[in-house]
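Now for the letters of each chain:
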Amino acid sequence: MRDNLVIVESPAKAKTIEKFLGKDFQVKSSFGHIRDLAKKDFGIDINNQYKPVYIVPDEKKKIVSELKKLKKQAKLIWLASDEDREGEAIAWHLSEVLGLKEEETRRIVFHEITKDAIQNAIKAPRSIDNNLVKAQQARRVLDRLVGFELSPVLWKKIKPSLSAGRVQSVAVRLIVEKEREILSFKAGSSYRLTAEFWFTDDKNNKVSLTAELARKIASAEEVKELLTLCQHSEFKITDLVIKPAFRSPAPPFTTSTLQQEAGRKLGFSVGQTMAVAQKLYESGKITYMRTDSVNLSSLALNTAKKVINETFGNEYYQFRKYKTKAKGAQEAHEAIRPTYIDKSEVTGSGAEKKLYELIWKRTLASQMSNAKLEKTTATISIKNSNDLFKATGEVIKFDGFLKVYNESKEEGIEDREKTILPPLSKGQLLNYTSIKATERFTQPPFRYSEPSLVKKMEELGIGRPSTYAPTISTIQQRGYVVKEDRPGKEREITVIEIKTEGSLTEIKKKEKFGKEKAKLFPTDIGMVVNDFLIVHFKDILDFNFTALVEKEFDEIADGNLVWTEMIDKFYKKFHQKVEKSLELSGKTTGERVLGKDPVSGEEVIVKVGRYGPIAQLGRARDDFKPRFAGLQKDQRIDTISFEEALDLFKLPRTIGSFEEKDMIVGIGRFGPYIRHDGKFYSISVKTDDPLSINQERGIEIILAKREADKNKVLKKFEEDKDLQVLNGRWGPYISYKKKNYKIPKSKNPASLSIEDCMELISAGDKSKKSKKRK
């Protein structure tokens, strides 16, 4: 029996905390209980924070009973859930379920799991902050109201199994609007001129210099005129500017900036970043990972100073105090940093080591000196022309924080390699080796990646640190958004060039463009749902409304707003709009009429059907039944052409025969296929086009599938054709009458007899019945 019972969320956190407390303290993890009840009563989905497990009712009662038993044995109960609103709500719920009295309950919070932090928290306990609990409850209720009322509207007006949410729908809107902006973009071209100059220095050495024309030229004719002039012109350095510059380090990580930088530098998804950070926090290696703050504690500042001075020297240290810029920051504690800044490495998985190193470098760099640079710009004139060439260079005079860390650039921000210019002087004459004009096209807006979407949501005030990862995960799980790579396309560009010896030349080259990696694309259903919500619930999808709601949650957390009044004010207007949309709006499918079939004269339509995007030939009439065809994976309702849609109705088509049976190519619910002798063989759209695949290729696909199936079957039994030993994704198993059974590792699958198999099947059936009874 111990006098003090400390309750936390997870086993990992409990294990770390227990090391820093005396024998009078027992630390208990109630993760299963918290996960089950918090989701039911508070709408807190903590699957993204902790390893999900299924808690059946009997087990839940057992956990609660155990906690109540331990409560009776202890004099004081310490609720040590996380310090944010979700954590406060969890502490409140535990207090309610366990029937804790105020005099026997202590609420403690800590930003890091270290000995000092835990012991200081024990010395300064507080009561549960009911304002934080109410703020979390307001969020849960409002989000449930929006989701529960909007989702049935989507089921009736678009298709079943759809959902909507206050934050998720706004995130989808951002991605849809970005996609439409890209689709409507018209690329323009211009020419960028680059010159290779040379001169002889004092030691008679030939020195090279690269410069770029200060403007872009719109047409090839104008380029040719200028290059013809340059062939016999004089080039002179008319101005030389050398000026100092500096670069400052970025502040320590917040949740948002950690997600962005881990995505750009490490290739982590937002969810992966938070999962790894959670493990680092619970094992006492970093401070709490859900925060808007860029502040560092006095202890952290002093430790950073000591590490920098000892490792790099006094000249590399510069004290910095950062201020949080994020509006309505939920937490006012500390930035994400290592708990022990003097440790540059930690043990753990590869992902944990990489993320820790990133956090350590960013924290240390934030307290280091500016990098000192010297920028040189040379202006080069062309005789008999007003055009100028510019040569720029940059030299790092003192690396400062760059010795440890260099923040990655956002996509779309040009980061050309910095060159070092040779010694130059004003009035110096130059010779040219070549002057090249390369055609360049304007770029469309960049699609969102997970990190850039987090940045945009933060800028607009949509969501909070704890909601970014779940929101981005949800919109992908719902099928409104996909994250994928897409290959680029080829286009022709013109290159016009003159050299010292020779005439002007013009050549055509191919360049690749539009390649995408790990970008977020809206699906057809995502676009249709977004358009419907924009028309009928514009306020809910308004960026300012979403940000205003977040501010109101902050007001509730500060005790300045009554949460029930806030909900009541919102719901009255919102419910009226729901009723109105159900009454007045018609069925929405995102339908586009592309034209009329030249053969039948029927309309060619694309829209969202029951199982996804489809093309439809003709409208249903008493005397006419329309034809349907599924869109291919890379086709979209918004962009598919009339000709492409017509091609879909060429399927199913017969491509020949094999083994005296027809091979028929078609597109089904799960993609393109070949049907042969009553069996289906999938066609990969990455390698084959169902509209152009021929007989020879069809036979290859069938034979390849047969070979794969042959290798899949390890053993058959003539006595019972329903019984097979197969090789699956997770290893060998027994298949019998459409049921699968595990094969113990101690057994050799290839040597199993029919008796051995039936014995394993019988044991498996008994095990399944036992689990059902439980």
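Just so it is clear, the model here is predicted, and its values are computed rather than measured. (Residues numbered from 1 in each chain as written. Predicted model: local features only at pLDDT ≥ 70, side-chain atom pairs only at ≥ 80, totals over all residues. Heavy atoms only, no water.)

**Details of the sheet that holds strand 23 (residues 713-716)**
Now for step 1: With antiparallel pairing, the four strands of this open sheet are ordered in space as 23-24-25-26. One side of each edge strand has no neighbouring strand; the edge strands of this open sheet are strand 23 and strand 26 (739-742). Put simply, the sheet's adjacent strands are angled 25 degrees from each other on average, direction ignored.
Now for step 2: Direction of pairing for strand 24 (residues 723-728) relative to strand 25 (residues 731-736): antiparallel, over a ladder of six bridges. Residue pairing across strands places Leu723 opposite Tyr736, the latter belonging to strand 25.
Now for step 3: Contacting strand 23, strand 24 and strand 25, helix 19 (residues 695-712) runs over the sheet at an angle of about 60 degrees to strand 23. (Pairing = 2+ DSSP bridges. Helix = DSSP H or I, 4+ residues; strand = E, 2+ residues; numbered from the N terminus. Axes fitted to C-alpha atoms, helices over the stretch in contact; angles between N-to-C directions. Contact = heavy atoms within 4.5 Å.)

**A look at empty space enclosed by the protein**
Now for step 1: This structure, assessed with the given rule, holds four cavities of 30 Å³ or more.
Now for step 2: Size it by volume and the largest cavity reaches roughly 50 Å³.
Now for step 3: As for the largest cavity, its lining consists of Ser169, Val172, Tyr480, Gly526, Val529, Asn530, Leu533 and Leu541.
Now for step 4: When residues of the lining of the largest cavity are traced back to their parent elements, those giving at least two are helix 7 (168-183) and helix 15 (524-536).
Now for step 5: Top element by residues in the lining of the largest cavity is helix 15. It accounts for four residues. (1 Å grid on protein atoms, 1.4 Å probe; cavity = no way out; pocket = protein on both sides within 12 Å on 5 of 7 lines; lining within 4 Å. Points joined across faces, edges and corners; volume = space filled by probe spheres on them.)

**Some points on the nonpolar core**
Now for step 1: Ranked by internal contacts, the top residues of the largest apolar core, which has 123 residues, are Phe110, Leu154, Ile286, Leu355, Leu453 and Leu533.
Now for step 2: Per element, the largest residue contribution to this core is ten residues, and it comes from helix 6 (residues 130-157).
Now for step 3: Apart from the residues lying within four places of it in its own chain, the contact partners of Ile286 are Ala277, Leu280, Tyr281, Ile336, Arg337, Pro338, Thr339, Tyr356 and Ile359.
Now for step 4: One finds Val223, Phe235, Ala391 and Ile496 within the second-largest nonpolar core, a separate group that totals 30 residues. (Core = buried A, V, L, I, M, F, W, Y, C linked by side-chain atoms within 4.5 Å. Buried < 20%, exposed > 50% of the residue type's maximum accessible area, 1.4 Å probe, protein only.)

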